[in-house]
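# Structural characterization, general
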Amino acid sequence: IYEWDVKTDSLEWFGDIDTFLGFEKGEISSNIAAWLALIHPEDVVMLEGAVELHRTSTQPINYEYRIRQKNGTWRYWKDNALPLLDDDGIPFRWVGICADITQRKESEQALLKNEQQTRAILDASPDPMVMYDKKGHPQFINPAFTKVFEWTLEELAHDVIPFVPEDQIAVTLSKIKEIYTQGRPLSFETKRYTKERQLLDIFLSAAVIKTKEGEATGMVVN
């Protein structure tokens, strides 16, 4: 928890920020300049602008940034604060709280990296692939699918792909039910239309997409 005096730029911390960041107690000066000196070079311009903005703006402070520990490692912080206003409605002091969100940010980055790697694999596949939600709406279509069946994901947003021939509907619905009920991958021969209504004989494989808790959220088909 901290208080920032707008006129003097003093920064009073209610908690041991020094040892929290690996410094000796009292080693970090109690002012805005000392705090800015700890901010990551890629984030400091944003925060220098924020300091000037919030000298007069009553807009709540809400920033995420990286701050340096004494050993040189970086921690992610979330910074939220509200102003105390003078008689003219101008901030004279800000009261805020900083929370360490490093674990959350690292998890988000790992997830993003995994998603990027998965997308690269799907994009590179020569076989048409579609990821569906539980309502049967496509959430991802790879380039090979568009090349073969001609639809893009934008054309099919919040809709069902209209490529199942009437004589294949019953068996397709049965297979979808089987996938979700048994939770095992399956394959079968069927037919599908392209966007231009060309009928293709295909062999498809499908598997359920699950959360780490085991809940089915959709399926992937190629």
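An account of the accompanying structure is given in this report. (Residues numbered from 1 in each chain as written. Predicted model: local features only at pLDDT ≥ 70, side-chain atom pairs only at ≥ 80, totals over all residues. Heavy atoms only, no water.)

### Re empty space enclosed by the protein
- Within the structure shown, the criterion is met by one cavity of 30 Å³ or more.
- Estimated volume of the largest cavity: approximately 170 Å³.
- Lining the largest cavity are 15 residues, with Tyr-2, Trp-4, Trp-35, Ile-61 and Asp-79 sitting closest to its centre.
- Elements with a contribution of two residues or more to the lining of the largest cavity: β1 (2-5), β2 (11-13), α2 (32-36), α3 (41-53) and β3 (61-68).
- Partitioned by chemical class, the residues of the lining of the largest cavity number 13 nonpolar, one polar and one charged. (1 Å grid on protein atoms, 1.4 Å probe; cavity = no way out; pocket = protein on both sides within 12 Å on 5 of 7 lines; lining within 4 Å. Points joined across faces, edges and corners; volume = space filled by probe spheres on them. Helix = DSSP H or I, 4+ residues; strand = E, 2+ residues; numbered from the N terminus. Nonpolar A, V, L, I, M, F, W, Y, C, P; charged D, E, K, R; others polar.)

### Digging into the pattern of salt bridges
- A full pass over the atoms with the stated rule returns 15 salt bridges.
- Of the charged contacts in the structure, one is a salt bridge between Asp-43 and Arg-66, with a shortest N-O distance of 3.0 Å. Separated by 23 residues along the polypeptide, Asp-43 in helix α3 and Arg-66 in strand β3 bring together distant segments of the chain.
- Taking relative accessible area as the criterion, Asp-43 reaches 10% and is therefore assigned buried. (Salt bridge = Lys/Arg side-chain N within 4 Å of Asp/Glu carboxyl O. Buried < 20%, exposed > 50% of the residue type's maximum accessible area, 1.4 Å probe, protein only.)

### As for α3
- Compared with an ideal rise of 1.5 Å per residue, which puts 13 residues at 18 Å, α3 spans 19 Å between its outermost C-alpha atoms and is within 8% of the ideal.
- Inspection of α3 places Asp-43, Val-44, Leu-47, Ala-50 and Val-51 among the buried residues, and these make up the whole buried set. The arc enclosing the buried residues of α3, seen along the axis, measures out at 120°, which places them on a common side. In α3, the exposed residues that point more than 90 degrees away from the buried face are Glu-42 and Val-45.
- On its buried face, α3 sits against β1, α2 and β3. (Expected span 1.5 Å × (residues − 1). Arc of directions from axis to C-beta. Contact = heavy atoms within 4.5 Å.)

### Description of the packing of aromatic side chains
- Throughout the structure, instances matching the rule amount to nine aromatic pairs.
- Aromatic side chains Tyr-2 and Trp-13 sit 5.4 Å apart centroid to centroid with 55° between the ring planes, which places their arrangement in the tilted category. Placement of the pair is Tyr-2 in strand β1 and Trp-13 in strand β2, with a sequence separation of 11 residues.
- Residue classification places Tyr-2 among the buried residues on the basis of a relative accessible area of 5%.
- Residues Trp-13 and Trp-77 carry aromatic rings whose centres are separated by 6.1 Å and whose planes lie at 65° to one another, so their mutual orientation is edge-to-face. Here Trp-13 is found in strand β2, whereas its partner Trp-77 is found in strand β4 (residues 74-85), with 64 residues between them in sequence.
- Grouped by ring-pair contacts, the aromatic residues Tyr-2, Trp-13, Phe-20, Trp-35, Tyr-65 and Trp-77 constitute a single cluster.
- Lying across the ring of Tyr-180, Lys-134 places its NZ or CZ 5.9 Å from the centre.
- Over the ring of Tyr-193 we find Arg-197; its NZ or CZ atom is 3.8 Å from the centre of that ring. (Phe/Tyr/Trp six-rings, centres within 6.5 Å; stacked < 30°, edge-to-face > 60°. Lys NZ or Arg CZ within 6 Å of the ring centre and 35° of its normal.)

### With respect to the environment of Phe-14
- Tracing the sequence through the fold places Phe-14 in the loop between β2 and α1 (17-20).
- Residues Phe-14 and Tyr-2 lie 12 residues apart in sequence; the distance between their C-alpha atoms is 5.7 Å.

### Details of the layout of surface pockets
- Considering only enclosed or pocket space, the largest pocket measures out at about 600 Å³ in volume.
- In terms of lining residues, the largest pocket is bounded by 33 residues, among which Tyr-132, Phe-163, Thr-172, Arg-192 and Val-221 are the most central.
- Every element with two or more residues in the lining of the largest pocket is listed here: β6 (130-133), α5 (143-149), α6 (169-182), β8 (186-193), β9 (199-210) and β10 (216-221).
- Ranked by residue count, the leading element in the lining of the largest pocket is α6, at seven residues.
- Of the residues contributing to the lining of the largest pocket, the split by class is 25 nonpolar, three polar and five charged.
- What the second largest pocket holds in volume is close to 220 Å³.
- Around the second largest pocket sit Leu-111, Asn-114, Glu-115, Thr-118, Arg-119, Leu-122, Met-131, Gln-139 and Phe-140, which together line it.
- Those elements giving two or more residues to the lining of the second largest pocket turn out to be α4 (102-124) and β7 (138-141).
- Among the elements that make up the lining of the second largest pocket, the one with the highest residue count is α4 (six residues).
- Residues that form the lining of the second largest pocket fall into these classes: four nonpolar, three polar and two charged.

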